[in-house]
Amino acid sequence: MGNRQRPGEILTKTEKMKQLQSAKNEDVEFSAEMADHEDIEALRRGEAADRRQAREIHD
């Protein structure tokens, strides 16, 4: 099976895990020195969303 997906295709749990793992490896620059309150809040919200997503896939 290839990496292409049809619109509306339902993924298996394994396929979802693979996508989640690859999404976590995005190359994003973040400078703690340059971060303001909104940046820190966005980082916390993103981490919480990652935890929820991982829990949802493992259930």
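Just above, that's the structure.
So, here's what we can say about the structure. (Residues numbered from 1 in each chain as written. Predicted model: local features only at pLDDT ≥ 70, side-chain atom pairs only at ≥ 80, totals over all residues. Heavy atoms only, no water.)

**Notes on the overall build of the chain**
Turning to step 1, where the next piece is worked out: What the chain contains, in helices and strands, is two helices and zero strands.
Turning to step 2, where the next piece is worked out: Relative to its full complement of 59 residues, the chain shows a buried share of 8%.
Turning to step 3, where the next piece is worked out: When the accessible area of the chain is evaluated, it comes to approximately 5700 Å², of which 48% is carbon and sulfur surface. (Helix = DSSP H or I, 4+ residues; strand = E, 2+ residues; numbered from the N terminus. Buried < 20%, exposed > 50% of the residue type's maximum accessible area, 1.4 Å probe, protein only. Areas by Shrake-Rupley, 256 points an atom, 1.4 Å probe, with all protein chains shown as cover.)

**Examining a positive patch on the surface**
Turning to step 1, where the next piece is worked out: A surface patch of like charges, here positive, comprises Arg45, Arg51, Arg52 and Arg55.
Turning to step 2, where the next piece is worked out: A relative accessible area of 51% means that Arg51 is categorised as exposed. (Patch = residues over 30% accessible without salt bridge, like charges linked within 9 Å, V, L, I, M, F, W, Y side chains within 5 Å. Salt bridge = Lys/Arg side-chain N within 4 Å of Asp/Glu carboxyl O. Lys, Arg positive; Asp, Glu negative; His and termini not counted. Charge placed at Lys NZ, Arg CZ, Asp CG, Glu CD.)

**Brief notes about helix H2 (residues 37-58)**
Side chains of residues three or four places apart in an α-helix project in the same direction, reflecting 3.6 residues per turn.
Turning to step 1, where the next piece is worked out: Taking 1.5 Å of rise per residue, 22 residues should cover 32 Å, and H2 covers 32 Å from first to last C-alpha, within 8% of that figure.
Turning to step 2, where the next piece is worked out: One side-chain oxygen at the N-terminal end of H2 lies 3.2 Å from the backbone nitrogen of Glu38; it belongs to Asp36. (Expected span 1.5 Å × (residues − 1). Polar contact = N/O pair within 3.5 Å; in protein donor to acceptor, adjacent residues only side chain to side chain.)

**What to know about the environment of Gln21**
Turning to step 1, where the next piece is worked out: Locating Gln21 in the fold gives a position in helix H1 (residues 13-23).
Turning to step 2, where the next piece is worked out: Look at Gln21 and you get partly exposed, because its relative accessible area is 44%.
Turning to step 3, where the next piece is worked out: The sequence separation of Gln21 and Ala54 amounts to 33 residues, and the corresponding C-alpha distance is 9.5 Å.

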